[in-house]
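# Topology and contacts: notes
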Amino acid sequence: MGSRPDSAEGVYLDDAVQIAAKILVVGHFAVGKTTFIGTMSEIPPLRTEEQMTQAGAHIDDLAGVRGKTTTTVAMDFGRITLSSKLVLYLFGTPGQERFVQVWEDMTRGALGALILVDPERLKESFPVIDLVEQYGLPYAISVNHFDETPVRPDSELREALDLLPETPIVTCDARDQKSSADALIALVRYLQTRTDRSTT
């Protein structure tokens, strides 16, 4: 299991920060959440991964998934400092339905969610989107393009996922820092727009 590195607690929680924003990185099983947080975090990410075993083969569907040998069983955690006063804390949730009980605690205090989607397994995103909406979190969709995955038009994705017109859709490669940062920026801008609307 991945564990916290031997370092001071301040590596994870910065007491000097005046504004901390909690963002959830969510998505179905094996969509790239752990990779995304590892790519974006400025600190060694906290991971709770376990080796997948034969016992879980009938529970975790690996159809369409390549090279998956571990799975998150609690959460992933990372941090991004945007300025001397503002930090984003990224919390990744497990994608399997059996871990859904951890969502209630993780959604507390969250400003919004970035939902990672595999364009080849769109139907697996429906339960995740339903959960995010159930907890009232604003969200953006980030389509994680894997190697050789065909690019689908935003209009097709929006219709397939039954999204509202204002819900942002961006593409990313969870292994690439720039495109992953662009996905987070799209979410933050959307959250700012919603805040501006509510205060006018």
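Read on for a plain summary of the structure. (Residues numbered from 1 in each chain as written. Predicted model: local features only at pLDDT ≥ 70, side-chain atom pairs only at ≥ 80, totals over all residues. Heavy atoms only, no water.)

### Concerning the nonpolar core
One finds L24, V26, I115, V132, Y139 and I141 to be the most contacted residues of the largest nonpolar core, which totals 27 residues. Sorting the residues of this core by element identifies β1 (19-27), β4 (86-92), α2 (103-107), β5 (110-117), α3 (126-134), β6 (139-144) and α4 (154-161) as the ones contributing at least two each. Core analysis: the next-biggest nonpolar cluster, separate from the first, contains 21 residues, F36, I37, L88 and A174 among them. (Core = buried A, V, L, I, M, F, W, Y, C linked by side-chain atoms within 4.5 Å. Buried < 20%, exposed > 50% of the residue type's maximum accessible area, 1.4 Å probe, protein only. Helix = DSSP H or I, 4+ residues; strand = E, 2+ residues; numbered from the N terminus.)

### A few points about the packing of helix α1 (residues 33-40) against helix α5 (residues 177-198)
One can describe the packing of α1 onto α5 by two numbers: an axis separation of 9 Å at closest approach and a directional angle of 100°. The angle between α1 and α5 falls in the class roughly perpendicular. In contact with F36, T39 and M40 of α1, α5 contributes Q177, S180, A181, A183 and L184. When grouped by side-chain class, the residues that make up the contact of α1 with α5 number 5 nonpolar, 3 polar and no charged. (Axes fitted to C-alpha atoms, helices over the stretch in contact; angles between N-to-C directions. Parallel < 35°, antiparallel > 145°, perpendicular 65-115°, else oblique. Contact = heavy atoms within 4.5 Å. Nonpolar A, V, L, I, M, F, W, Y, C, P; charged D, E, K, R; others polar.)

### Quick notes on unusual backbone geometry
Among all residues except glycine, the phi angle is most often negative; among peptide bonds, the trans geometry is most common. Positive phi outside glycine occurs at A30, with the angle close to 65°. Looking at the element boundaries, A30 is found in the loop between β1 and α1. A positive phi angle, close to 55°, is found at D162, a residue other than glycine. The exposed category is assigned to D162, whose relative accessible area is 68%.

Everything listed here is a matter of geometry and, on its own, says nothing about what the molecule does.
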